[in-house]
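Working through the structure, step by step
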Amino acid sequence: MQTNHARKWEVPYTSHVQSKEKQLKVRKTGWITKGEKILYTFTGVCLIVAALYIVSFSSITDSINRDIQSLEQQIQAQKVENESLFFEKKELSRPERITRIAKENGLTIQNAEVRQASSFGN
């Protein structure tokens, strides 16, 4: 009878140990927590956006600088052309040339004194 009685005690003890084993679950912790993953992702996205902004800004700045340089070259060429036209105008408006062309076309000069006309305000 005692062996039966001992077997009764054996069964509940093993079920009690098994129930404790079922309650103990070992959680496997990751190398990086979820919060850190979110922070790292946010930081990475911010760095990528900043890099794209810097590259686009430098590209726009470079294109503007190229436009400015081409405009400066056009301005310099226009200044040279204006100076050459000014000297050509000065050469063509000499009094000797005007009297020579007038004589070739049959005009006579009543006054022997020909003066350079200057505009008012220049």
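Since this is a predicted model, take the numbers as computed values, not measurements.

1. Notes on the overall build of the chain
For the chain, the count of helices and strands is three helices and zero strands. Reading the helices (α) and strands (β) of the chain from amino to carboxyl end gives α-α-α. Expressed as a percentage of the 122 residues in the chain, the buried residues total 2%. Entry remark: accessible area of the chain is about 12500 Å², with carbon and sulfur atoms responsible for 60%.

2. Comments concerning the pattern of salt bridges
Any two side chains of opposite charge can pair, on the condition that their charged atoms come close. According to the stated counting rule, one finds four salt bridges in the structure shown. Residue Asp62 is joined to Arg66 by a salt bridge in which the shortest nitrogen-to-oxygen separation is 3.1 Å. Here Asp62 pairs with Arg66, and both are found in helix H2 (residues 34-92), just four residues apart, close to one helical turn. Its relative accessible area of 55% is what places Arg66 among the exposed residues. Between Glu104 and Arg100 there is a salt bridge whose closest N-O contact spans 3.4 Å. Of this pair, Glu104 and Arg100 are both found in helix H3 (residues 95-104), four residues apart, which corresponds to roughly one turn of the helix. Connected through salt bridges with shared partners, the residues Glu91, Arg94 and Glu96 form a single ionic network.

3. Things to note about a nonpolar patch on the surface
Residues Tyr53, Ile54 and Phe57 make up a contiguous nonpolar surface patch of about 370 Å² in total accessible area. Within the secondary structure, Ile54 sits in helix H2. The exposure class of Ile54 is exposed, given its relative accessible area of 55%.

4. A look at H3
Three or four residues apart is the spacing at which side chains of an α-helix point the same way, because the helix has 3.6 residues per turn. Residues of H3 that are buried: Pro95, Thr99 and Ala102. Along the axis of H3, the buried positions cluster into a sector of 60°, meaning they face one direction only. For H3, the exposed residues lying more than 90 degrees away from the buried face are Glu96 and Glu104.

5. Considerations on the packing of aromatic side chains
Evaluated as defined, the whole model comprises two aromatic pairs. Between Tyr53 and Phe57, the ring centres sit 6.2 Å apart and the planes meet at 20°, which makes this aromatic pair stacked. Taken as a pair, Tyr53 and Phe57 lie in helix H2 at a separation of four residues, close to a single helical turn.

Procedures and definitions
- Residues numbered from 1 in each chain as written.
- Predicted model: local features only at pLDDT ≥ 70, side-chain atom pairs only at ≥ 80, totals over all residues.
- Heavy atoms only, no water.
- Helix = DSSP H or I, 4+ residues; strand = E, 2+ residues; numbered from the N terminus.
- Buried < 20%, exposed > 50% of the residue type's maximum accessible area, 1.4 Å probe, protein only.
- Areas by Shrake-Rupley, 256 points an atom, 1.4 Å probe, with all protein chains shown as cover.
- Salt bridge = Lys/Arg side-chain N within 4 Å of Asp/Glu carboxyl O.
- Patch = residues over 30% accessible without salt bridge, like charges linked within 9 Å, V, L, I, M, F, W, Y side chains within 5 Å.
- Arc of directions from axis to C-beta.
- Phe/Tyr/Trp six-rings, centres within 6.5 Å; stacked < 30°, edge-to-face > 60°.

All quantities given are derived from atomic positions and should not be read as evidence of function.
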